Amino acid sequence: MKLSLVKFIFNGFPEVLLLLYVSVGLLGLRMSVEEYIKVGMINLFILAFIREYLDLFGLHTFIGLIIIIFSINYLLEVDIMKIIISMFISFILLFIGETFTFSLMVNSLGVDIEEINNNLKLYFMVVYGAKIPLLITALAIYKFDLKIFNEKASKLRD
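Below is a short write-up of the structure. (Residues numbered from 1 in each chain as written. Predicted model: local features only at pLDDT ≥ 70, side-chain atom pairs only at ≥ 80, totals over all residues. Heavy atoms only, no water.)

**Some thoughts on helix α4 (residues 80-109)**
Spanning 30 residues, α4 covers 42 Å between terminal C-alpha atoms, matching the ideal 44 Å at 1.5 Å per step. Turning to α4, its buried residues are I83, S86, M87, S90, F91, L93, L94, G97, T101 and M105. Looking at the packing, one finds that the buried side of α4 touches α1 (5-26), α3 (59-76), α5 (113-118), α6 (120-129) and α7 (132-144). Positioned one or two residues after α4, G110 has a phi angle of 70 degrees, which is positive. (Helix = DSSP H or I, 4+ residues; strand = E, 2+ residues; numbered from the N terminus. Expected span 1.5 Å × (residues − 1). Buried < 20%, exposed > 50% of the residue type's maximum accessible area, 1.4 Å probe, protein only. Contact = heavy atoms within 4.5 Å.)

In structure tokens:
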């Protein structure tokens with residue numbers, strides 16, 4: 001399924017930023033805003049290339065996961081297994097949100113995926129609704145210092 005540039009940017013970039021923020025936050029760490037944006041942009045461009053030119057629609061999620069894991073490892077030098085665990089939790093939150101939102105929209109509004117993709121308003125209701133579990137977790141990380149690890153980064157920049 002091809003995505004328009006608008007859909008890809010306004011869906012993909014916030015999703016990558018949330019996944020990155022939640023994953024790093026669950027490690028008990030923070031990065032600078034510039035680092036979040038750099039990793040998000042690199043991830044977005046690579047995923048756009050994979051989706052649009054290589055036509056690897058299912059694989060792009062796995063590759064995006066790997067890009068984020070190695071980006072966190074490179075920037076913060078944290079144990080890779082802990083990064084994988086925090087990314088796995090972040091992806092579970094995203095998948096829960098996607099499953100719940102798509103089910104709700106399809107069952108309550110009686111629309112199918114094709115209708116959602118063809119209607120920009122419905123599309124953004126679904127994709128932003130799917131990010132609610134990630135957003136709630138990001139807010140808990142920010143407000144209440146929620147974390148599953150208490151890591152010390154080797155290369156943490158402020």
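Moving on from the coordinates now.
**Section: the pattern of salt bridges**
According to the stated counting rule, one finds 4 salt bridges in the structure shown. K131 is paired through a salt bridge with E15; the nearest N and O atoms lie 3.1 Å apart. Here K131 is found in the loop between α6 and α7, whereas its partner E15 is found in helix α1, with 116 residues between them in sequence. E151 serves as the salt-bridge partner of K82, at 2.6 Å between the closest nitrogen and oxygen. Here E151 lies in the segment after α7 and K82 lies in helix α4, a separation of 69 residues in the sequence. For E151, a relative accessible area of 14% translates into the label buried. (Salt bridge = Lys/Arg side-chain N within 4 Å of Asp/Glu carboxyl O.)

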